[in-house]
Amino acid sequence: WANTAGAVYYVSKRSVAVLKYIEVNGYSELHVSRIRAVIADNSTGQKTVWESRIADGNVDRLWTPDLFIDSDHTLYVEMEGTSPVGTDQEINVNCKLLEYYNHPSRN
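Remember, predicted model here, so these are calculated numbers, not experimental data. (Residues numbered from 1 in each chain as written. Predicted model: local features only at pLDDT ≥ 70, side-chain atom pairs only at ≥ 80, totals over all residues. Heavy atoms only, no water.)

With that settled, consider the packing of aromatic side chains. Scanning all chains against the criterion turns up one aromatic pair. When the centroid spacing of 5.5 Å and the interplanar angle of 5 degrees are considered together, the rings of W50 and W63 count as stacked. Taken as a pair, W50 in strand β4 (residues 46–54) and W63 in strand β5 (residues 57–63) lie far apart in primary sequence, 13 residues in all. For W50, a relative accessible area of 13% translates into the label buried. W63 sits in the buried class, given a relative accessible area of 19%. (Phe/Tyr/Trp six-rings, centres within 6.5 Å; stacked < 30°, edge-to-face > 60°. Helix = DSSP H or I, 4+ residues; strand = E, 2+ residues; numbered from the N terminus. Buried < 20%, exposed > 50% of the residue type's maximum accessible area, 1.4 Å probe, protein only.)

Take the side chain of T74 next. Relative to the elements of secondary structure, T74 occurs in strand β7 (residues 73–82). Contacts of T74, omitting those with residues within four sequence positions, involve A7, Y9, Y10, V38, I39 and A40. (Contact = heavy atoms within 4.5 Å.)

As structure tokens, then:
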């Protein structure tokens, strides 16, 4: 059984971002598992924006939302599932975000 989460990207207070895609690929022996993308901020909590089930075999998912992410928010990718002991598996997650600076830094 596993439940892992990792911060993928933090959008600073001076900018906004657009999530162009999340790509998930690899091989899995996971049972009743899922992967999800969550956007969190410091005041209102977190919101799941995408979720996909993962079953045994090859995993190949691509989500292309063009999703706006406001300033001071963090994109997380979470994975939850079970797998038999001693099994080989590898799940890769790739994301592309475009960040736009609203207030350039003053040097």
